[in-house]
Structures are given as structure tokens and as C-alpha cells.
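Structural features, examined
The lines below spell out each chain.
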Amino acid sequence: MDQVVDKALRGMTLLKVRNIRHWTDKTFSFNCDRPAAFRFRSGEFVMIGLMVEGKPLVRAYSICSPSWDEELEFYSIKVADGPLTSRLQHLREGDEIVMRPKPVGTLVHDALLPGRRLFLFSTGTGIAPFASIIRDPETYEKFDRVVLTHTCRELAELGFGKDLIQRIAGDEILSEMVGDKLTLISTTTREASPHTGRMTDWIRDGRLAEAVGGALDPATDRVMICGSMAMLQDHKALCEAAGFTEGSNSEPGQFVIEKAFVD
Ligand code: A2P
């Protein structure tokens, strides 16, 4: 019997789900127990999902947890007719998901050259890999200043990022590690809030430079970008126009990008 189950799992690991939190009618997060042998670099993603009709149905999800954490946290959108998220959004505590334990990705420190300021630009669920990066000690060993930006359509969607900053502030070890190096800039584009507008517009019109005390500079700044294809393209064009070169795991550079995965 076990052999039949193993074959159906096709190299997947089963993870028990804990702590499900619904942030809005469009997003939710959950934690899973981390298998002892599973290693990853902060910022990487894995394939996770559910067994559906005896077969694994998986999609790419960034791991929100830093590489030292005992749990694996994921942040997901809910798509009513999405093959996976229409099911995943009904997860309950104690349910099991499947994971292919082969983490990969370019939003990792190894893909960036040394620098002084680290900019993490995200929209929507694209904040997920940065939830990992901003809780990794390596981030603060390598950079003097870390600026995380999160842009969503509506105010309620900014909750996950704001809560993350509060969780860091409320944790003795993390808050000491981060000190005053981390800044979160949250903006909305379709609802009034203290800060509005796309971050690409903030870069173009100088609002970002004003908020952080200086425009993006390839000599000192490093950039990670995660969002929709259109968002990536626009941010990438701005980086390239400012003289930044794209990095990869094999050839580190001044900026890196990755699509925020959707159903
Ligand atoms: P906007 O409301 O102006 O489209 P989406 O849900 O469509 O992925 O959008 C998530 C957030 O990303 C929204 O605030 C959206 O702004 C913003 N956004 C969408 N496309 C881009 C882009 N090309 N560059 C920067 N921000 C973008």
C-alpha cells in the first residue's frame, strides 16, 4: 500500500498545514511543518499543491519563511476558477499539502553583487519572497539599508506586509538583527491611502528618491523585483535605464527579477 502511495506522490513530500490566515477575499497565507532534511536559500520558490484524483496538482510558490525557520510559510491568491487555488483556499488546519523539495530561484543573495542599499520592489503576492529576505541575517550583514515596497490595488491587501513588519518588531532576536535598517513603503493604486501610486511612477517622478534620501544608483544599490509580467518589465526597464545590469545565480549582477506566480 505504501508503495502505491509513494508512486502516486511522484517525488513529493507531504506537509502538514498550520495557521491558515485569510487576509482578504483575494489572499490567504498558511504555514507548514518543515521537513528536517529540507534546505533552501531565502527568496527561493518550490512547487506545492494538492493531490487531486490521485495525482499531484502543483504550482510554484515562493517560500515566505527565512532559511533558518522551522516552518514553511506561503502566501497565496485565491482564484475562483484557478485549478489549484480554488481548492487550496479551503485548506484547514491539519490538512496535508504536497511539495516537490527542489527549491530554485533568482531572488537570492547569491545573484547580487555586494552593495549598500537593497531595494525589494513588489506588487500583490510578489511580496512573498521578500518576507523571507527581510528576515534573513545575511540581508543585514550585506546591506546597510533595506527598502521593501509593496503596491496593491486596495488598502486591505497591504495587511500581510504590514503585519510582517510588526512581527519583526515584536520579536526580540529579529528586531535586534534588523535594527533601523528596514523601511516598508506600502502604496495603493485604486483606493485612497497615506501613500498612493505605482512604485514605477514613484521612481520616475522622484518620490522614491525623496523617501529614501537618494535616487537609485548602480554603484551602491541592489534591486530585487517580484510582481506581474508587466510590472517586472517596467521595473526592469527603469533599472536598465539607470545603468543596472541583471544578475543570475551563475553571474551575480545589480538587479534580479522573478515573476510572482499565479494560478
Ligand atoms: P494599477 O492598479 O495601477 O494597475 P495586479 O493585481 O493587476 O497585478 O496589480 C497589483 C498592483 O500592481 C496594482 O497596484 C497595480 O497598479 C500594480 N501594477 C500593475 N501593473 C504594474 C506595472 N506595469 N508597473 C507597476 N505597477 C503595476
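Preceding this paragraph is the structure being described.
Here's what I pulled together on the structure shown here.

Criteria and cut-off values
- Residue numbers restart at each chain and count upward from 1, following the sequence in its written direction.
- With the structure being a predicted model, the display of local features is reserved for residues of pLDDT at least 70 and the display and counting of side-chain atom pairs for 80 or more, all residues being used for whole-chain, interface and lining totals.
- With hydrogens and water stripped out, all remaining heavy atoms of the structure feed into the side-chain values.
- When accessible area is computed with a 1.4 Å probe and restricted to protein chains, residues below 20% of their type maximum are described as buried, those above 50% as exposed, and intermediate ones as partly exposed.
- To qualify as a helix, a DSSP run of H or I must reach at least 4 residues; to qualify as a strand, a run of E must reach at least 2; elements of each kind are numbered from the N terminus.
- Arc definition: directions from the helix axis to the C-beta atoms.
- Contact criterion: two residues are considered in contact whenever any of their non-hydrogen atoms come within 4.5 Å of each other.
- A pair is scored as a salt bridge if a Lys or Arg side-chain nitrogen falls within 4 Å of a carboxyl oxygen belonging to Asp or Glu.
- Paired strands, in this sense, are two strands between which DSSP finds at least two bridges.

**Side note on helix H5 (residues 159–169)**
Of all the positions in H5, only Phe160, Gly161, Asp163, Leu164 and Ile168 are classed as buried. One face of H5 carries all of its buried residues, which in axial projection span an arc of 160°. Among the exposed residues of H5, those pointing more than 90 degrees away from its buried face are Gln166 and Ala169. Looking at the packing, one finds that the buried side of H5 touches strand S1 (13–22), strand S2 (27–33), strand S5 (71–77), helix H3 (128–133), helix H6 (172–178) and strand S9 (182–188).

**As for the environment of proline 137**
Tracing the backbone shows proline 137 in helix H4 (residues 137–142). Distance from proline 137 to serine 67, taken between C-alpha atoms, is 9.7 Å for residues 70 residues apart in sequence.

**Some points on the pattern of salt bridges**
All told, the structure shown has 13 salt bridges when counted by the stated rule. Between arginine 117 and aspartate 221 there is a salt bridge, with its nearest N and O atoms 2.8 Å apart. You can see arginine 117 sitting in strand S7 (residues 117–123) and its partner aspartate 221 sitting in strand S10 (residues 221–227), a full 104 residues away along the chain. Like aspartate 221, arginine 117 is buried. The closest approach of N and O atoms between aspartate 201 and arginine 204, which form a salt bridge, is 2.9 Å. Here aspartate 201 pairs with arginine 204, and both are found in helix H7 (residues 199–205), just three residues apart, close to one helical turn. With a relative accessible area of 32%, aspartate 201 lands in the partly exposed category. A cluster of three or more residues bridged by salt bridges with shared partners is formed by Arg21, Glu73, Arg135, Asp163 and Arg167.

**Looking at the pairing of strand S8 (residues 145–152)**
When you tally the buried positions in S8, you get seven out of eight residues, the bulk of the element. Relative to S9, S8 runs parallel, the two being bridged by seven bridges. Opposite cysteine 152, over in S9, you have threonine 188 as the bridge partner.

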